[in-house]
Amino acid sequence: MIIAGAILFAFLQSDEGQWLMGLIIVYGGVMLGGAVAHQTVPGEVVDLNRIDPPNSYSAGSISFTYRDDEGVLHEERRRVMYATDKFRALAVGDEIKVWVCRNDRSRVKLVGYGTSEPQKCFDEPEQ
C-alpha cells in the first residue's frame, strides 16, 4: 500500500500526472455540479417516434409525462439526436428518469437517450 502511494505521488509530480489530475478535477466538478443542479423524478413514456433509418439530424422523438412537486402532471417532448441502444429498446408505457432543474422547475432533461437539451440548469431562468 505504501509503495502504491509512493508511485502515485511520483506520477502526480510529473507533467502528465498534473494534466490528468487537472482533468479529473474539472470533469469531477462538472459531474458534481450537474448532480446538485437536478432532481430526479419518475416519468412515463407516452409516445415514441423513431425514424428508420435514423439520419444525421434526428433519430426520432420521445414524449413523456412527469409530476412536479405539487403533483401536477406535465407532458414534454424531446427530439432524439442519435439512436442509442437505450432509445431503440424504449417502449410506450416504460418508466424513465426525468431530471428537473432545481432553479427552474419548467426545465427538464432526459439523460442517456441522446435527446436535444436546449437549455442548461445553470442558465438564468427566462423572465
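Attention in this report is confined to the structure presented alongside it. As the structure is a prediction and not an experimental result, all values here were calculated from the model.

## Let's talk about the pattern of salt bridges
Step number 1: Under the defined criterion, the tally for this structure stands at three salt bridges.
Step number 2: Among the ionic pairs, R77 bridges to D47, the shortest N-O distance being 3.9 Å. Highlighted residues: R77 in strand β3 (residues 73-80) and D47 in strand β1 (residues 38-50), separated in sequence by 30 residues.
Step number 3: Using a relative accessible area of 45% as the deciding quantity, one classes R77 as partly exposed.
Step number 4: Between E76 and R78 there is a salt bridge, and its shortest N-O distance comes to 3.4 Å.
Step number 5: The exposure class of E76 is partly exposed, given its relative accessible area of 22%.

## Regarding the sheet that holds strand β2 (residues 60-67)
Step number 1: Pairing is antiparallel across the open sheet formed by five strands, whose spatial order is β3-β2-β1-β4-β5. This sheet does not close on itself; its edge strands, each paired only once, are β3 and β5 (108-110). Adjacent strand axes in the sheet meet at a mean angle of 40 degrees when their direction is disregarded.
Step number 2: When β1 meets strand β4 (residues 95-101), the two strands line up antiparallel, connected through seven bridges. Residue H38 lies in a different strand from β4, and its bridge partner there is C101.

## Notes on the pairing of β3
Step number 1: Where β2 lies against β3, eight bridges are found, and the strand directions are antiparallel. Bridging across to β3, S61 finds its partner in R79.
Step number 2: Here β2 folds back onto β3 in antiparallel fashion, the turn holding five residues, of which G71 has a positive phi close to 90 degrees.

The rules behind each value
- Residues numbered from 1 in each chain as written.
- Predicted model: local features only at pLDDT ≥ 70, side-chain atom pairs only at ≥ 80, totals over all residues.
- Heavy atoms only, no water.
- Salt bridge = Lys/Arg side-chain N within 4 Å of Asp/Glu carboxyl O.
- Helix = DSSP H or I, 4+ residues; strand = E, 2+ residues; numbered from the N terminus.
- Buried < 20%, exposed > 50% of the residue type's maximum accessible area, 1.4 Å probe, protein only.
- Pairing = 2+ DSSP bridges.
- Axes fitted to C-alpha atoms, helices over the stretch in contact; angles between N-to-C directions.

Spatial relationships are all this shows, so hold off on functional conclusions.
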